[in-house]
Amino acid sequence: MNLIGLMFRRFRLGLLGVLLLSVASAGLTVQVMAFVNERLIQDPMDLETALPYFAGLLAAQFLVATLAQIWMTTLGHRLVYELRRTLVKRVLDTDLEHLETLGPARILASLGSDTGHLTSAFIGLPTALYGVVLNLGGFAYLAWLSPPLFQATLAWMALTVAVAWMLLRRTHARVERAREVEDRLYADYQAVIEGRKELALNRERARRLYEEDFERDAIAGRNEETRADLYNGLNENWANTMILGVIGLCFFLAQGAGWADTGVATTYALTLLFLRTPLAGLVTAVPGLIGGSVALAKLKSLEFPEYSPTFKVRGWQPPATWTRLELDSVTYRYPGNEGEDGFGVGPLHLDLRRGETVFLIGGNGSGKSTFARLLTGLYRPHGGEIRLDGVPIGETRRAGFRRLFAAVFADFHLFQRLLGPDGFEADAADARSWLETLALADKVAIDGGRLDDTRLSQGQRKRLALLLALLEERPILVLDEWAADQDPGFRRFFYTELLPRLKAAGKTVVAITHDEHYFHVADRVLKLDLGEIRETTIE
Ligand SMILES: Nc1ncnc2c1ncn2[C@@H]1O[C@H](COP(=O)(O)OP(=O)(O)OP(=O)(O)O)[C@@H](O)[C@H]1O
């Protein structure tokens with residue numbers, strides 16, 4: 001998707017406004033120039049008439065230019081806002097598998113750096129448009145003033161643009177490389193923040209991360225950005241000097257070769273001098289636009305889905321009266337390194353009945369968490385089929401199918417907002433009652449539908465994550481080693497009181513666990529072994 005194209009479609013009227021105001025401002029500017037030429041140089045007016053006329057023209061020009069400026073600034077910031085909201089929504093609509101392949105550093109780099117670059121580009125875009133219109137108006141006036149001088153100016157400008165283009169290509173290549181380095185820098189920042197405890201314990205590790213990984217990337221970034229800025233500075237100087245040069249050329253051609261009289265040459269030079277500022281503005285906007293185009297290419301390479309404004313899960317919904325969920329020969333394999341196959345599970349067979357409490361056991365790395373993501377529809381099976389009451393869950397039913405599940409994953413994120421069924425506010429009395437049950441009433445308060453503090457111990461955070469999952473009131477609860485961080489007393493309470501209570505309320509629970517003391521609580525215990533699920537007997 002071309003974001004700039006999207007912005008143009010969405011902000012057609014706004015950009016048309018900028019264009020009209022730019023044309024009006026350019027027209028008034030040309031009129032000021034023409035007035036100076038015709039009424040003050042060529043055929044001077046008496047000052048008493050000329051001055052109020054001139055002041056009126058200036059006031060009108062100021063007014064229109066200010067209006068254009070206000071319009072451009074607000075439009076630029078609206079574009080940025082629109083860009084941010086579409087980008088975050090596209091990330092929210094991206095499949096987990098794709099997000100995992102990209103990795104958090106690349107996604108954060110795009111949300112931070114690419115939106116930053118596109119911000120500069122979008123803020124600069126209307127100004128660049130204004131510069132283009134002003135220059136077109138100015139050059140049209142120059143063509144009218146003296147066609148031969150204009151032809152010479154065009155030839156000179158063609159040479160200027162050819163060299164500038166070459167320098168721009170170099171700037172572009174450097175900006176592209178600098179952007180690649182930014183992905184690596186974000187991975188370094190991530191290591192610094194997420195590894196802060198280990199790095200504080202082991203200063204040697206911190207030193208090596210800092211001096212070897214981070215410095216290498218920071219130096220590469222510095223070098224690429226410096227070269228990009230140098231080429232760009234060179235470009236600005238080149239454009240400035242060539243504009244001064246064309247003024248000299250025009251005077252030489254007017255005076256030396258007799259192509260125009262002194263009055264015309266003076267107005268011509270004055271107009272060129274005036275155009276120098278918007279031209280320089282255009283040249284200065286170019287790095288922002290290059291950064292924006294590189295950011296756009298980068299965003300495109302991340303292959304986020306198209307922007308869609310809705311969060312609604314349309315189409316098929318699981319029937320409220322479902323009774324049976326089957327995994328039939330489901331297989332899944334991670335992409336490996338350099339063309340090799342990664343870890344795989346399956347063919348997996350599972351026949352889950354509504355209201356069952358099922359435990360899943362298996363060694364480390366046997367694929368239990370992978371199974372949980374397949375079961376909940378977060379991963380697409382590579383083979384086999386998932387069926388709900390015999391209805392196959394293909395692509396069109398997957399989003400609806402996910403609505404059956406609430407989960408506490410091993411790497412859960414604890415949100416502060418409490419939500420009830422279907423995304424509505426959670427019932428406050430329900431939430432308080434669950435807080436009591438989870439022995440957290442004296443630790444956490446609920447304020448305006450949010451948990452007021454989530455800075456707790458890992459076991460307490462997991463209890464809160466369970467509270468969030470329970471309040472959603474989805475029919476199937478998936479827990480990935482939930483009890484592993486709980487103290488023995490609460491673990492006992494969880495297995496012997498909480499799970500039976502959930503079962504009595506009709507909830508289907510799939511719990512990944514190693515707690516063999518409590519296997520008797522489950523209706524069935526399944527074992528994931530060598531990529532397959534086997535039923536084990538409960539002793
Ligand atoms: N995103 C991923 N990309 C590639 N391979 C992965 C990914 N996630 C997990 N794996 C691989 O899949 C295998 C199973 O991982 P999984 O997390 O499902 O195991 P598990 O049974 O839950 O282990 P544990 O008991 O240690 O939590 C591991 O060998 C791991 O290397």
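Residues numbered from 1 in each chain as written. Predicted model: local features only at pLDDT ≥ 70, side-chain atom pairs only at ≥ 80, totals over all residues.

**Some details on the overall build of the protein chain**
(1) Moving on: Along the protein chain, the regular secondary structure elements total 14 helices and 12 strands.
(2) Moving on: For the protein chain, the C-alpha radius of gyration of 34 Å lies well beyond 24 Å, the compact-globule estimate for 539 residues.
(3) Moving on: Along the first, second and third principal axes, the C-alpha atoms of the protein chain reach 110 × 50 × 45 Å.
(4) Moving on: By residue count, 29% of the 539 residues in the protein chain fall in the buried class.
(5) Moving on: Sequence-distant contacts, at least 24 apart, represent 79% of the contacts inside the protein chain between residues at least 6 apart. (Helix = DSSP H or I, 4+ residues; strand = E, 2+ residues; numbered from the N terminus. Rg over C-alpha atoms; globule rule 2.2 N^0.38 Å. Buried ≥ 20, exposed ≤ 12 C-beta atoms within 10 Å, placed from the backbone. Contact = placed C-beta atoms within 7 Å.)

**As for the domain arrangement of the protein chain**
(1) Moving on: Parsing the protein chain into structural domains produces domain 1 (3–182 + 221–301) and domain 2 (324–536).
(2) Moving on: Look at where the C-alpha atoms of domain 1 and domain 2 centre, and you get two points 56 Å apart. (Domains from an automatic or database assignment.)

**Digging into the pairing of strand E2 (residues 341–353)**
(1) Moving on: Here strand E1 (residues 324–335) runs beside E2; their pairing, made up of 8 bridges, is antiparallel. Within E2, the residue paired with Pro335 across the bridge is Asp341.
(2) Moving on: With antiparallel pairing between neighbouring strands as the criterion, E1 and E2 make up a hairpin whose turn holds 5 residues, including Glu338 at a positive phi of roughly 45 degrees. (Pairing = 2+ DSSP bridges.)

**Considerations on the sheet that holds strand E5 (residues 391–392)**
(1) Moving on: Reading across from one edge, E2-E1-E4-E5 is the order of the 4 strands in this open sheet, with antiparallel pairing throughout. The open sheet has two edge strands, E2 and E5, and neither has a second partner.
(2) Moving on: Sheet topology note: the E1/strand E4 (residues 383–388) ladder contains 5 bridges and is antiparallel. Directly across from Leu325, in E4, lies its bridge partner Leu388.
(3) Moving on: Against the sheet, helix H10 (residues 368–375) contacts E1 and E2, and its axis sits at roughly 125 degrees relative to E1. (Axes fitted to C-alpha atoms, helices over the stretch in contact; angles between N-to-C directions.)

**Topic: the environment of Glu338**
(1) Moving on: Of note, Glu338 is situated in the loop between E1 and E2.
(2) Moving on: Using a count of 4 C-beta atoms within 10 Å as the deciding quantity, one classes Glu338 as exposed.
(3) Moving on: Between the alpha carbons of Glu338 and Glu395 there is a distance of 28 Å; along the sequence they are 57 residues apart.

**Quick look at the site of the ligand**
(1) Moving on: Around the ligand sit 13 residues, and of these Tyr334, Asn364, Lys368, Ser369 and Thr370 come closest.
(2) Moving on: Contributions of two or more residues to the shell around the ligand are made by E2 and H10.
(3) Moving on: Here the element with the most residues in the shell around the ligand is H10; it accounts for 3 residues.
(4) Moving on: By residue class, the composition of the shell around the ligand is 3 nonpolar, 8 polar and 2 charged. (Near = placed C-beta within 6 Å. Nonpolar A, V, L, I, M, F, W, Y, C, P; charged D, E, K, R; others polar.)

**Looking at unusual backbone geometry**
With glycine set apart, most residues show a phi of negative sign, and most peptide bonds adopt trans.
(1) Moving on: A positive phi is found at Asp422, a non-glycine position, where the angle reads about 60 degrees.
(2) Moving on: By the element assignment, Asp422 lies in the loop between strand E6 (405–408) and helix H12 (428–437).
(3) Moving on: For Glu481, which is not glycine, the phi torsion reads 50 degrees and is therefore positive.
(4) Moving on: Along the chain, Glu481 turns up in the loop between strand E9 (476–480) and helix H14 (488–504).

**Observations concerning the packing of helix H2 (residues 12–42) against helix H9 (residues 262–301)**
(1) Moving on: Where H2 contacts H9, the two axes come as close as 10 Å, and the packing angle between them is 150 degrees. Judged on the interaxial angle alone, H9 and H2 are roughly antiparallel. As for how H2 packs across H9, the hand of that crossing is right-handed. Contacts between H2 and H9 involve Met33, Val36, Asn37, Ile41 and Gln42 from the first element and Gly263, Thr266, Thr267, Leu270, Thr271 and Phe274 from the second. (Parallel < 35°, antiparallel > 145°, perpendicular 65-115°, else oblique. Left-handed = near helix turned anticlockwise from the far one by under 90°.)

**Some words on the packing of helix H6 (residues 147–194) against helix H8 (residues 203–256)**
(1) Moving on: Contact geometry of H6 with H8 gives a least axis separation of 8 Å together with a crossing angle of 170 degrees. Taken together, the axes of H6 and H8 are roughly antiparallel relative to one another.
(2) Moving on: Here the contact of H6 with H8 is composed, by residue class, of 27 nonpolar, 6 polar and 11 charged.

**Describing the sheet that holds strand E11 (residues 524–529)**
(1) Moving on: Strand order across the open sheet formed by 6 strands is E6-E9-E10-E3-E11-E12, with mixed pairing between neighbours. Of all the strands in the sheet, the pair left with one neighbour each is E6 and strand E12 (532–536). Here the average twist between neighbouring strands, direction ignored, is 20 degrees.
(2) Moving on: Direction of pairing for E9 relative to strand E10 (residues 508–512): parallel, over a ladder of 5 bridges. Looking across to E10, one finds that Leu477 is bridged to Val509.
(3) Moving on: Its contacts with the sheet put helix H13 (residues 458–471) on E6 and E9, and the angle it makes with E6 is roughly 175 degrees.
(4) Moving on: The strands touched by H14 are strand E3 (357–361), E9 and E10; relative to E10, the strand with the most contacts, the crossing angle is about 150 degrees.

**Some details on the nonpolar core**
(1) Moving on: If you look at the biggest cluster of nonpolar residues, it comprises 56 residues, and the most contacted ones within it are Leu360, Phe371, Leu466, Leu467, Ala469, Val478 and Leu479.
(2) Moving on: A total of 7 residues in this core trace back to one element, the largest contributor, which is H13.
(3) Moving on: The contact partners of Leu467, leaving out residues within four places of it in the chain, are Trp434, Leu435 and Leu438.
(4) Moving on: Counting 49 residues, the second largest nonpolar core, distinct from the first, contains Leu21, Leu28, Ala228 and Tyr268. (Core = buried A, V, L, I, M, F, W, Y, C linked by C-beta atoms within 7 Å.)

**Remarks on the pairing of E6**
(1) Moving on: Residues of E6 alternate between two faces, with Phe405 and Ala407 on one and Ala406 and Val408 on the opposite face, all of them buried.
(2) Moving on: Bridge count for E6 against E9 is 4 bridges, and the pairing is parallel. In the sheet register, Phe405 faces E9, and the bridge partner there is Ile476.

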